[in-house]
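# Reading the structure
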Amino acid sequence: MAVMDYMTTKKDELVGWIRKFSLFPYPFVTACCGMEFMAVSSTLYDTDRFGAALPRFTPRQADLLMVVGTISHKEAPILKKVYDQMCEPKWVMAFGACATSGGFYRNYGVLQGIDRVIPVDIYVPGCPPRPETVIDAIMMLQDRIAGDHHPILPAEQRGREPSHADKVFPIFPTADGVPPSQT
Amino acid sequence: MTGRAPLSFDAIEREFASLVERSSQSFGMPVLELRVENLLPLVTGLRDRFDFALFLDVTAVDYLERSPRFDLVYHFYSRRHNQRVRLKMPVPAERPVVPTLTGHYGSARYMEREVHDMYGIEFAGNGDLRPILLYDGFIGHPLRKDYPIEREQPVVPYRAG
Amino acid sequence: MNASPPISAHLDRSADGGNVVVNIGPSHPATHGTIQIVAELDGETVKRADVHCGFLHRGFEKEAEHHTYHKVIPYVDRLNYCSAMNNGFAYAEAVEKLLGIELTRRCIVIRTLLCEYNRIADHVTCVAASIMEMGAMTAFLYLMTVRDYIFEHLNHLTGARLTYSYVRIGGLARDLPEGWLTRLEEILVFTERYLERIHGLLDHNRIFIDRTRDVAVMTPEHALNWGFTGPTLRSTGIALDLRKDSPYLAYPELDFEVPVGIKGDNYDRYYVRMCEIDESIAMVRECVGLLSDGPVSVDDPRVTLPEKEAVYTEIEALIHHFKLVSQGIVVPPGEIYVSHETPNGELGFYLVSDGTSRPYKLHVRAPSFVHMGGMHTLLEGYEVADVVPTFGSMNMVGGECDR
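Scoring rules and cut-offs
Numbering of residues begins from 1 in every chain and follows the order in which that chain's sequence is written. Throughout, the order in which chains and ligands are written sets their labels, letters from A for the former and numbers from 1 for the latter. This being a predicted model, a pLDDT of at least 70 is required before a residue's local features are given, and a value of 80 or more before pairs of side-chain atoms are given or counted; all residues contribute to the totals for chains, interfaces and linings. Helix and strand assignments come from DSSP, with helices taken as H or I runs of at least 4 residues and strands as E runs of at least 2, each series counted from the N terminus. Burial in this document is a count-based property: other C-beta atoms within 10 Å of a residue's C-beta are tallied, and the residue is buried at 20 or more, exposed at 12 or fewer, or partly exposed in between, with C-beta positions derived from the backbone. In this description, a residue-residue contact is defined by the distance between C-beta atoms placed from the backbone, which must lie within 7 Å. Polarity classes work like this: nonpolar for Ala, Val, Leu, Ile, Met, Phe, Trp, Tyr, Cys and Pro, charged for Asp, Glu, Lys and Arg, and polar for all others, with Gly in that last group. If DSSP finds at least two bridges between two strands, the strands pair. Axes here mean lines fitted to C-alpha atoms, for a helix over just the part in contact, with angles spanning 0 to 180 degrees between N-to-C directions. In this description, a nonpolar core means buried residues of the types Ala, Val, Leu, Ile, Met, Phe, Trp, Tyr and Cys, linked to one another by C-beta atoms lying within 7 Å. For this classification, under 35 degrees means roughly parallel, over 145 means roughly antiparallel, 65 to 115 means roughly perpendicular, and everything else is oblique. Crossings are sorted by hand: turned counterclockwise from the far helix by less than a right angle, the near helix makes the crossing left-handed, and turned clockwise it makes it right-handed. Under the convention used throughout, the expected extent of a helix is 1.5 Å for every residue step, that is, one less than its residue count. Note on scores: pLDDT gives the predictor's confidence for each residue, bounded by 0 and 100.

## Some thoughts on the overall build of chain A
Within chain A, the regular secondary structure consists of 7 helices and 4 strands. Going from the N terminus to the C terminus, chain A shows its helices and strands as α-β-α-β-α-β-α-β-α-α-α. Counting over 183 residues, chain A shows a buried share of 43%.

Encoded structure:
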């Protein structure tokens with residue numbers, strides 16, 4: 001019904017507004033971009049204005065995975081593990097040229113872009129990116145979150161595809177492995 | 001500048017003439033070329049006689065067309081004489097085994113692990129030659145000249161699409 | 001999904017059945033994201049610690065063998081990225097000595113000035129990160145403000161905030177712009193003011209002293225045995241500083257002291273760094289006084305690009321420019337080891353040239369790597385909560401440690 005669609009849209013707007021202004025980043029910091037991450041979290045370029053300053057150093061409590069710096073092949077399993085441990089909804093920001101595409105390191109040691117192992121929502125170019133670029137990226141991500149569909153009600157959950165997190169970490173698996181939200 | 005006793009190049013040459021194949025100077029630094037079997041006595045002598053107590057670095061150079069293939073290069077520093085010295089040792093590719101310096105310097109542990117990782121040179125006596133900059137399952141030694149730079153060995157399978 | 005850990009822990013099962021094996025890192029805020037410490041704990045005490053590095057191995061040496069000498073400069077910047085100028089100048093000195101180039105006076109003084117300026121930035125970063133990990137957010141934010149002003153100032157000079165690529169073989173990319181020195185003095189005054197606040201917040205702070213005094217104590221012999229250099233070695237009492245012992249650039253003309261510690265614990269390492277910042281501020285001011293007019297790049301056709309007007313009007317200059325940019329500078333065969341006193345310790349470049357335009361071998365003697373080799377000795381016997389301040393006081397920079 002049209003009224004239900006209108007209510008769903010309003011609900012999505014509200015949830016989108018809440019989620020976009022309460023991002024809990026998990027700063028997966030490895031290299032030089034970490035210095036710019038520290039700068040963008042500090043007083044001169046403040047991410048606290050966007051509600052995204054408080055880092056959660058455990059992936060269980062975070063929803064924005066900021067991959068800051070070069071990811072080597074040795075670090076890639078750790079990145080994958082951290083990503084898998086995060087709960088839905090989650091977003092991934094590839095911060096810097098090395099996370100986006102390997103940067104100017106094209107050799108045996110460097111993963112040529114984190115999107116080879118995890119899905120990425122927003123790429124931030126720069127080596128390292130200026131703090132203004134990062135703020136711009138956070139705002140773009142916020143626009144994306146605001147316009148997204150947020151299926152949080154049980155009625156919406158019924159009948160949808162199990163998410164990646166459901167398949168990987170079923171909390172209450174039933175006898176045939178189907179999560180309760182699907183029954 | 002600091003009033004420390006300078007170490008003359010001749011003093012080192014005289015002291016270790018029997019252990020050194022060839023000695024030269026490189027931009028003010030004495031360079032001693034020696035064979036593998038003389039490494040431990042020379043290092044012990046440098047440390048005890050001239051106070052080369054700071055082990056700076058060990059690395060290798062790969063001369064692909066030459067035999068012996070590798071040149072192992074050590075750098076030490078003496079506080080008493082404010083002097084650095086370089087040791088160069090040819091190591092054949094068929095039997096890349098050299099004695100370890102972990103008995104002399106604790107810092108040799110990690111540096112020898114790195115040379116083993118990058119070049120495949122074994123350090124006899126260093127019980128811990130696990131990969132340090134690379135990972136378990138990496139095949140080959142990347143800093144050798146015949147390892148192509150773009151050969152990646154990914155650990156996590158790539159996503160589709 | 002569960003990818004196996006990239007390296008065997010050596011402590012998978014503890015020898016003493018009652019101990020717990022705890023994994024700290026590598027994705028951990030206190031280990032700067034690239035160090036894994038596998039610690040065997042008996043209650044809260046660390047019985048054995050195994051430090052794993054290499055999670056940021058980016059193949060610097062292999063890349064250097066495949067790039068011309070100028071193209072290596074951005075890679076060199078990203079070694080110790082907190083103080084990129086120091087790395088670049090050490091590398092450039094290695095190449096310049098092989099070429100037999102004498103730098104101009106102005107270049108030498110500006111390089112010294114920037115070395116010390118970057119030292120301030122690096123020590124500020126180290127102190128800020130380590131005290132934030134101990135909980136002192138205010139001091140972290142003060143120091144970040146100082147550092148941000150320095151970054152913006154260097155951005156005005158070089159075009160980049162963090163990884164400058166400002167050095168060139170035989171000189172610098174460009175001269176100091178208008179008004180740069182005035183702003184420099186303003187930033188130094190601002191830094192001094194904020195450092196006073198940091199001293200006020202930390203020096204006699206009961207909590208800070210309890211967490212850092214007599215923690216991770218190092219004797220001078222132990223430090224030398226495990227290869228420590230830089231502020232970590234000087235905190236034990238040994239006054240080993242390349243700027244005094246084997247001076248380079250304009251250091252013979254500067255009047256400065258080398259601060260040393262008494263015990264070699266975390267508090268001494270913090271205090272040595274704070275004293276070095278004060279010394280660096282004085283040195284930067286001295287360098288400003290030593291500045292004289294003149295060119296910044298040496299006029300050597302082997303390395304310096306010709307003037308733009310000549311390139312556009314004369315065919316010889318055009319060919320010369322083309323060869324220098326496409327083929328790169330050609331360095332005569334030889335080998336050299338050059339080491340500078342970077343904020344972390346002795347950073348050495350061992351360069352082997354085979355007479356072509358690419359290094360045959362460029363090895364970096366990284367102080368952070370050697371410090372990580374000896375760090376397990378500083379963790380064993382102390383509490384697990386001491387791991388964080390000890391690690392912070394080492395100033396492990398991943399780009400330099402893993403190269």
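## Regarding the overall build of chain B
Per the secondary structure count, chain B includes 3 helices and 7 strands. Mapped in sequence order, the helices and strands of chain B form the string α-β-β-α-β-β-β-β-α-β. Overall size of chain B, expressed as C-alpha extent along the three principal axes, is 65 × 35 × 30 Å. Within chain B, residue pairs in contact and separated by at least 24 positions form 48% of the contacts whose partners lie at least 6 positions apart.

## Description of the interface of chain C and chain A
Listed as interface residues are 30 residues of chain C and, on the opposing side, 34 residues of chain A. Listed by contribution, the elements that provide at least two residues to the side of chain C that touches chain A are helix 1 (60-65), helix 5 (137-158) and helix 16 (398-402) of chain C. For the side of chain C that touches chain A, the residue count by class is 13 nonpolar, 11 polar and 6 charged.

## A few points about the interface of chain B and chain C
Taken residue by residue, the interface counts 34 residues in chain B and 36 residues in chain C. Among the elements of the structure, strand 3 (54-62), strand 4 (70-78) and helix 3 (108-119) of chain B are those that each provide at least two residues to the side of chain B that touches chain C. Broken down by element, the side of chain B that touches chain C gets its largest block of residues, 6 residues, from strand 3 of chain B. For the side of chain B that touches chain C, a count of residues per class yields 21 nonpolar, 7 polar and 6 charged.

## Description of the sheet that holds strand 1 (residues 20-24) of chain C
The strands that make up a sheet pair up through hydrogen bonds in the backbone, lying either parallel or antiparallel. Residues and elements named next belong to chain C. Here 3 strands make up an open sheet; going across it, the order is 1-2-3 and the pairing antiparallel. The open sheet has two free edges, formed respectively by strand 1 and strand 3 (45-52), since each of these has just one partner strand. With strand direction ignored, the average angle separating the axes of adjacent strands in the sheet is 20°. Helix 14 (residues 367-379) rests against strand 2 (36-42) and strand 3 of the sheet, and its axis sits at about 170° to strand 3.

## Focus: the pairing of strand 5 (residues 83-91) of chain B
All names here are of chain B. In terms of burial, strand 5 is largely enclosed, as 7 of its 9 residues are buried. As paired strands, strand 2 (residues 29-34) and strand 5 are joined by 3 bridges and run parallel to one another. Bridge pairing in strand 5 places Glu33 opposite Lys88. Here 9 bridges tie strand 4 to strand 5, and the two strands are oriented antiparallel to one another. Of the residues in strand 5, the one forming a bridge with Phe76 is Val85. A loop of 4 residues connects strand 4 with strand 5, the two strands running antiparallel in sequence, and Asn82 in this loop sits at a positive phi of about 50°.

## Regarding unusual backbone geometry
Here the bond from A:Cys127 into A:Pro128 is cis, since omega is -15°, no more than 30 degrees from zero. As for its position among the elements, A:Pro128 is in the loop between strand 4 (122-124) and helix 5 (131-147). Here the phi dihedral of B:Phe27 falls at roughly 55°; this positive angle occurs in a residue that is not glycine. Mapped onto the fold, B:Phe27 is located in the loop between strand 1 (20-26) and strand 2. With 13 C-beta atoms packed within 10 Å, B:Phe27 lands in the partly exposed category. Of note in this structure, C:Ala216 is not a glycine but carries a positive phi near 60°.

## Brief notes about the sheet that holds strand 6 (residues 334-342) of chain C
Residues and elements named next belong to chain C. Taken together, the 3 strands give an open sheet; going across it, the order is 6-7-8, and neighbouring strands pair in antiparallel fashion. Among the strands making up the open sheet, the edge pair consists of strand 6 and strand 8 (359-365). On average, adjacent strands in this sheet sit at an angle of 15° to one another, irrespective of strand direction. Pairing between strand 7 (residues 345-353) and strand 8: 6 bridges, direction antiparallel. From the neighbouring strand, Val352 faces strand 8, where its bridge partner is Lys361. Against the sheet, helix 3 (residues 84-99) makes contact with strand 6 and strand 7, and its axis sits at roughly 150° relative to strand 6, the strand it touches most.

## Points about the environment of C:Thr138
The residue C:Thr138 is located in helix 5 in this model. Accessibility expressed as a C-beta count within 10 Å gives 12 for C:Thr138, which makes it exposed.

## Focus on the environment of C:Ile238
Inspection of the secondary structure assignment puts C:Ile238 in the loop between helix 9 (231-234) and helix 10 (242-245). Note: C-alpha distance between C:Ile238 and C:Ala223 (15 residues apart in sequence) is 9.4 Å.

## Some remarks on the nonpolar core
Membership of the largest hydrophobic core comes to 208 residues, with the highest contact counts inside it found for A:Val67, A:Met93 and A:Phe95. Ranked by residue count, the leading element in this core is helix 4 (residues 105-133) of chain C, at 17 residues. Not counting residues within four places of it along the chain, the set of residues in contact with A:Phe95 comprises A:Cys33, A:Phe37, A:Met66, A:Val67, A:Val68, A:Val124, A:Pro129 and A:Val134.

## Points about the environment of A:Thr30
Note on placement: A:Thr30 falls in the loop between strand 1 (25-29) and helix 2 (33-41). A tally of 30 C-beta atoms within 10 Å means that A:Thr30 is categorised as buried. Taking the C-alpha atoms as reference, A:Thr30 lies 9.6 Å from A:Ser72; in sequence the two are 42 residues apart. Not counting chain neighbours up to four residues away, the residues in contact with A:Thr30 comprise A:Val68, A:Gly69, A:Thr70, A:Ile71, A:Glu75, C:Gly33, C:Thr34, C:Leu56 and C:Gly398.

## What to know about the packing of helix 4 of chain C against helix 5 of chain C
Residue and element names in this part refer to chain C. For the pair helix 4 and helix 5, interaxial distance at closest approach is 9 Å and the crossing angle is 160°. By the angle class used here, helix 4 and helix 5 are roughly antiparallel. Between helix 4 and helix 5 lies a crossing whose hand is left-handed. Mapping the contact onto sequence places Tyr117, Ile120, Ala121, Val124, Thr125, Val127, Ala128, Ile131 and Met132 in helix 4 and Met137, Ala139, Phe140, Leu143, Met144, Val146, Arg147 and Ile150 in helix 5.

## Quick look at helix 3 of chain C
Residues and elements named next belong to chain C. Look at helix 3: 23 Å from first C-alpha to last across 16 residues, which is about the 22 Å you get at 1.5 Å a residue. Counting buried residues along helix 3, 15 of its 16 residues qualify, which places the element largely inside the surrounding structure. Directly after helix 3, the chain includes Gly100, whose backbone phi takes a positive value near 80°.

## So, the pairing of strand 2 of chain B
Here strand 2 of chain B shows one buried face, formed by B:Pro30, B:Leu32 and B:Leu34, and one open face, formed by B:Met29, B:Val31 and B:Glu33. Connecting strand 1 of chain B to the antiparallel partner strand 2 of chain B that follows it, the hairpin turn spans 2 residues, and B:Phe27 within it adopts a positive phi of roughly 55°.

## Looking at the confidence of the model for chain A
Taken as a whole, chain A shows an average pLDDT of 85; of its residues, 85% reach a score of 70 or greater. Looking at the elements of chain A, mean pLDDT is at its lowest for helix 7 (residues 164-168) of chain A, recorded as 66, and at its highest for strand 4 of chain A, recorded as 95.

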